[in-house]
Amino acid sequence: MPELTKKERMKIPRQVMPEQNPEERRSNFKEVNLGFTEELAVMEANRCLQCPKPVCVEGCPVGVQIRDFIKLVSEGDFLGAAAKIKEDNVLPAVCGRVCPQEEQCEVKCVTGVKGEPVAIGRLERFVADYERTHTGIRTATVGAPTGKKVAIVGSGPAGLSCAGDLVQRGHSVTVFEALHEIGGVLIYGIPEFRLPKEIVKAEVEALKNLGVEFKTNNVIGFSDTVDELMGEGYDAIFIGVGAGLPYFMNIPGENYNGVYSANEFLTRVNLMKAYRFPEFDTPVFDCKGKNVAVFGGGNTAMDAVRTSKRLGAKNAFIVYRRSEVEMPARVEEVHHAKEEGIEFIMLTNPLEFIGDEQGWLRGAKLQKMELGEPDASGRRRPVPIQGSEYIMDLDMAVIAIGNGSNPMIQKTTPDITHNKRGNIVVDENTMKTSKKGVFAGGDIVTGGATVILAMGAGRKAAGAIDEYLKDPSVW
Amino acid sequence: MYKIISADFLAPDIKRFIISAPKIARKRKAGQFVIVRTTEHGERIPLTIADSNSTEGTITIIVQGIGKSTKEINSFNSGDYFTDVVGPLGHPSHIENFGTAVSIGGGVGAAISFPTAVALKEAGNHTISIIGAKTKELVILEKEMRDVCDEVYVTTDDGSYGEHGFVTTKLKNLIDSGTKIDFILAIGPLPMMRAVAELTRPYGIKTVVSLNPVMVDGTGMCGGCRATVDNKTVFVCVDGPEFDAHLVDFDTLMKRNNTYRDFEKTALEHFSCHTHQMFDAAVKEQN
Ligand code: FES
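Residues numbered from 1 in each chain as written. Chains lettered and ligands numbered in written order. Predicted model: local features only at pLDDT ≥ 70, side-chain atom pairs only at ≥ 80, totals over all residues. Heavy atoms only, no water.

Participant: So what exactly am I meant to see when it comes to the overall build of chain B here?
Facilitator: If you tally the helices and strands in chain B, you get 10 helices and 16 strands. Seen through its principal axes, chain B has C-alpha atoms that stretch 55 × 40 × 40 Å. In chain B, which comprises 287 residues, the proportion classed as buried is 58%. The long-range fraction of contacts in chain B, counting pairs at least 24 apart against all pairs at least 6 apart in sequence, stands at 66%. (Helix = DSSP H or I, 4+ residues; strand = E, 2+ residues; numbered from the N terminus. Buried < 20%, exposed > 50% of the residue type's maximum accessible area, 1.4 Å probe, protein only. Contact = heavy atoms within 4.5 Å.)

Participant: Whenever I open this one, the overall build of chain A confuses me. Can you help?
Facilitator: On a plain count of helices and strands, chain A comes out with 18 helices and 16 strands. On C-alpha atoms alone, chain A measures out to a radius of gyration of 23 Å, which is about the 23 Å that the 2.2 N^0.38 rule sets for 475 residues. Across its three principal axes, chain A shows a C-alpha extent of roughly 65 × 60 × 50 Å. When the 475 residues of chain A are sorted by exposure, 59% land in the buried category. Here the contacts in chain A between residues at least 6 apart in sequence split such that 70% fall between residues at least 24 apart. In the structure as shown, chain A presents an accessible area of about 18,700 Å², 52% of it carried by carbon and sulfur atoms. (Rg over C-alpha atoms; globule rule 2.2 N^0.38 Å. Areas by Shrake-Rupley, 256 points an atom, 1.4 Å probe, with all protein chains shown as cover.)

Participant: Help me out: how do you make sense of the pattern of salt bridges in this one?
Facilitator: Where side chains of opposite charge bring their charged atoms close, a pairing between them can arise. All names here are of chain A. Following the criterion strictly, the structure yields 55 salt bridges over all chains and no others. In this structure, K435 and D415 form a salt bridge, with 2.7 Å as the shortest nitrogen-oxygen distance. With a gap of 20 residues between them, K435 in the loop between helix 16 (408-412) and strand 16 (438-440) and D415 in the loop between helix 16 and strand 16 connect regions that are remote in the sequence. A single network of salt bridges, built from pairs that share partners, joins E19, R25, R194, D303, R306, R310, E333, E339 and E340. (Salt bridge = Lys/Arg side-chain N within 4 Å of Asp/Glu carboxyl O.)

Participant: Is there a simple way to think about unusual backbone geometry in this case?
Facilitator: Most peptide bonds take the trans form, and the phi angle of most residues other than glycine is negative. A cis amide bond links F277 of chain A to the next residue, P278 of chain A, at an omega of 5 degrees. Here P278 of chain A is to be found in the loop between helix 13 (262-271) and strand 7 (291-295). A cis amide bond, omega -5 degrees, links G87 of chain B with the succeeding residue P88 of chain B. Within the fold, P88 of chain B resides in strand 7 (residues 84-89). Although it is not a glycine, L141 of chain B adopts a positive phi angle of roughly 60 degrees. Note that L141 of chain B resides in the loop between strand 9 (126-133) and helix 4 (142-148). Residue classification places L141 of chain B among the buried residues on the basis of a relative accessible area of 8%.

Participant: Would you explain the interface of chain A and chain B in this entry?
Facilitator: For interface size, the figure often reported is the accessible area lost on association. Tallying the contact residues gives 44 residues for chain A and 45 residues for chain B. Summed over both sides, the interface of chain A with chain B buries roughly 3,700 Å², with 55% coming from carbon and sulfur. Among the residues chain A hides against chain B, the three largest losses belong to F222, N255 and D281 of chain A. Together they make up 20% of the total. At the boundary of chain A and chain B, one finds 3 salt bridges. Remark: the boundary between chain A and chain B carries 23 residue pairs in polar contact (both at pLDDT 80 or more). Sorting the residues of the side of chain A that touches chain B by element identifies strand 5 (245-246), strand 6 (259-261) and helix 13 of chain A as the ones contributing at least two each. For the side of chain A that touches chain B, the element with the most residues is helix 13 of chain A, which contributes 4 residues. (Buried area = accessible area lost by both parts, 1.4 Å probe. Polar contact = N/O pair within 3.5 Å; in protein donor to acceptor, adjacent residues only side chain to side chain.)

Participant: Sorry if this is basic, but what is going on with the packing of helix 4 (residues 66-74) of chain A against helix 8 (residues 120-134) of chain A here?
Facilitator: Packed helix pairs are specified by the crossing angle of their axes together with the interaxial distance, meaning the distance between the axes. Residues and elements named next belong to chain A. Orientation of helix 4 relative to helix 8, taken along the N-to-C sense of each, is 60 degrees, at an axis distance of 11 Å. Judged on the interaxial angle alone, helix 8 and helix 4 are oblique. The interaxial crossing formed by helix 4 with helix 8 has left-handed handedness. On the side of helix 4, the interface is formed by I66, F69, I70 and V73, while helix 8 contributes I120, L123, E124 and V127. (Axes fitted to C-alpha atoms, helices over the stretch in contact; angles between N-to-C directions. Parallel < 35°, antiparallel > 145°, perpendicular 65-115°, else oblique. Left-handed = near helix turned anticlockwise from the far one by under 90°.)

Participant: Quick question: what am I supposed to make of the sheet that holds strand 9 (residues 343-345) of chain A here?
Facilitator: The pairing of strands in a sheet happens through backbone hydrogen bonds and is either parallel or antiparallel. All names here are of chain A. Spatially, 5 strands are ordered 6-14-7-8-9 in an open sheet, and the strand pairing comes out parallel. Looking along the sheet, the strands with just one partner apiece sit at the ends: strand 6 and strand 9. Ignoring which end each strand starts from, the neighbouring axes of this sheet average 20 degrees apart. In this structure, strand 8 (residues 315-319) lies alongside strand 9, joined through 3 bridges in parallel fashion. Bridge pairing in strand 9 links F317 to E343. Across the sheet, helix 13 touches strand 6 and strand 14 (396-399), and the angle it forms with strand 6 is around 85 degrees. Contacting strand 7, strand 8, strand 9 and strand 14, helix 14 (residues 299-310) runs over the sheet at an angle of about 170 degrees to strand 8. (Pairing = 2+ DSSP bridges.)

Participant: Please explain the packing of helix 5 (residues 167-176) of chain B against helix 6 (residues 190-200) of chain B as it appears in this structure.
Facilitator: Residue and element names in this part refer to chain B. One way to put it is that helix 5 packs onto helix 6 with a least axis distance of 10 Å and a crossing angle of 20 degrees. On the basis of their axis angle, the class for helix 5 and helix 6 is roughly parallel. The way helix 5 lies across helix 6 gives a crossing that is right-handed. Judged by residue contacts, V167, T168, L171 and K172 of helix 5 engage M192, A195, V196, L199 and T200 from helix 6. Its residues placed into classes, the contact of helix 5 with helix 6 shows 6 nonpolar, 2 polar and 1 charged. (Nonpolar A, V, L, I, M, F, W, Y, C, P; charged D, E, K, R; others polar.)

Participant: Quick question: what am I supposed to make of the packing of aromatic side chains here?
Facilitator: Geometry of an aromatic ring pair is reported as the spacing of the ring centres plus the angle between the planes. Applying the stated criterion across every chain yields a total of 16 aromatic pairs over all chains. Cluster of aromatic residues (ring-pair linked, three or more members): F29, F193 and Y275 of chain A. The ring of Y234 of chain A carries the charged tip of K149 of chain A above its face, separated from the ring centre by 4.5 Å. A cation sits over an aromatic face here: K170 of chain B above Y153 of chain B, 4.2 Å from the ring centre. (Phe/Tyr/Trp six-rings, centres within 6.5 Å; stacked < 30°, edge-to-face > 60°. Lys NZ or Arg CZ within 6 Å of the ring centre and 35° of its normal.)

Participant: Teacher, can you tell me more about helix 3 (residues 38-45) of chain A here?
Facilitator: Counting along an α-helix, one turn takes 3.6 residues, and residues three or four places apart therefore face a common direction. Residue and element names in this part refer to chain A. For helix 3, the full list of buried residues reads A41, V42, E44 and A45. The buried side chains of helix 3 occupy one side of the element, clustering within an arc of 165 degrees when seen end-on. Those residues of helix 3 that are buried are in contact with helix 4, helix 5 (78-86) and helix 8. (Arc of directions from axis to C-beta.)

Participant: I tried to follow the state of the cysteines on my own but got confused; where do I start?
Facilitator: Among covalent bonds in proteins, the disulfide is the one between the sulfur atoms of two cysteines. Considering all chains together, one arrives at 0 disulfides over all chains under this definition. Here C60 of chain A is not cross-linked by a disulfide; its sulfur's nearest cysteine counterpart is in C105 of chain A, at 6.4 Å. (Disulfide = S-S within 2.5 Å.)

Participant: Looking at this structure, I do not really get helix 5 of chain B. What am I missing?
Facilitator: All names here are of chain B. The complete set of buried residues in helix 5 reads V167, T168, K170, L171, L174 and I175. On an axial view of helix 5, the arc spanned by its buried residues comes to 160 degrees, and they lie on one face. In this structure, the buried side of helix 5 is in contact with strand 8 (100-106), strand 9, strand 10 (151-156), strand 11 (163-164), strand 12 (183-187) and helix 6. Immediately beyond the C-terminal end of helix 5, within one or two residues, lies G178, with a positive phi of roughly 90 degrees.

Participant: How do you make sense of the environment of I112 of chain B when you look at a structure like this?
Facilitator: Residue and element names in this part refer to chain B. Mapped onto the secondary structure, I112 falls in helix 3 (residues 109-122). Sequence separation between I112 and V63 is 49 residues; the distance between their C-alpha atoms is 9.8 Å. The contact partners of I112, leaving out residues within four places of it in the chain, are T48 and I187.

In short, geometric facts, not functional conclusions.
If you want it as structure tokens, here you go:
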């Protein structure tokens, strides 16, 4: 193809990614987005202006060389593009699916000023999928062995990206996971229809091929403490255990049968495969023909409500105390949810749950809200409207208002400083904790955030760990 | 994979497994539990560690086959492997020299209370054990308890062995006859634990129960195991499993334990006849 002029590039419309139609997908767990074809990918890549100073890269927490990989896509060198992404991102197939590109790289894209930004996320996803299905995930090169051992606690996005970077630098890496599968929130939290587990498994396999050792069923804090790991000869430790302590609302009736935390509901369905009961042994509330409400407005809330729909819920609601603009969920997720028939009840807050004699949830008492002055988060504070209370009939409720940090490690390792909220305190540039040789990153430091921010923290820590291992006298 | 070193029925439907799990064996303390997953399709099932041997690197669990998953566990034999065993989880029992300590085990609870009874004895307590069962053949660990405790009493609901009545009948006798009791650990079905709590409340005897709600992860991540204690929500897996019996809201707990009752029926029906036959044959063989 002859070189396109800038004008010609700008004329190409943003390519639409094919997806399963809403009617069909709301009763299956298959992935919603189907991904670009090769033609669509090249077409989309041609929209990139190849800026001399690519600002999109500034928006990427791990600094993927976006312009360069897109150039390779436009030339049809998809495997080359995959290798280019992998220089900075060990989990491209995951990030291409779950990163909020619209707030990160794509929001910076210059074509977005007048028109729509280049679909960077979709291209990343395409490239990673192409590599996986055509050659298998290829192994990056590993540096000469350094003889240093690093323990990584938690196998979610922070841990995996840290592991990938460290093993490439020649360190021996062991990842400890509390559950029976590797991947943390990628496995237990994000549903199959948004991130097929097969993809996570393939990425983990690739890390194994690089030499990363994974140990499941190890609850650090219980099975071993951080100090005991130190005693076992690890030269450095990275803690990336995530934010795994679900918040409840502390309103009456929260312990009725049928009230779940989003973590529990999603873990039962995703990790334990309850949607395939009785083939798999773990059950989950039978949503068929029922009224389900999910309280919260983040991506986890969308995941939970869309899951309940797939499990057969007759009516599935999002109940959120602010308005739709304040919802932290990605626009794409909200859009998909609406297409699937999810009903959104905005500016509404539950006051209490109502149950029957046997302890089953029967409804919730809700109160309408209006927006007042901005609060600490900069979003307008919801204020209750007196006298607006009403009862909603419900069979199941899911609380998806976020997670605190699991105190297990902090409790058993008192010399790791944490703040009031229980998050581990680190040096922002090096991710060093107050304990020599111990680094931390991801949700355990920031509180509930995104997959890519956790990965960015994991990378940053890997760099600092590498430095530290070269000269442990400097802390 | 975790190898089963030995597996034998202590009573119909109650099986004892010794499992190779060196790290857990080294670390565990009385009162802690493990989560077991039998196969790739299995549930995560919390089970109290009944004993351990750090030299051999083994732990002991005692399982009563009630639902599909526990019956399935009990279809495993020595030489087989469990897919996952994780632990030790939960807080260890609080042990000190209280003076006179009574451990009460109802049904398979006798097995669960055993390690704590041992620890209480080691801490210098005068230890009394009350083992309760429906009927004679369901009485377990009597010999082991006798080896450890200063006094052991057995009660059966039908009077076929030991004293006729419930564990609370015996406990009340002890209290009424003037035995000074400083501490009670009660483990068993919820109604039994509640009955003990109600009995001791007016006397102000410190009473602890070990709760076993439905769990998923066992690490504080899901909140599925929550219970109300002292009017506050707790996560039993990380805040317990042992709690002050006088503060536990047993009513809510009993209701919550019914959440998956219908599923359990379905699961049991799906649990193949084949397995049942093998299971029954194994029981016959051992009796
Ligand atoms: S079992 Fe999940 S929090 Fe206790």
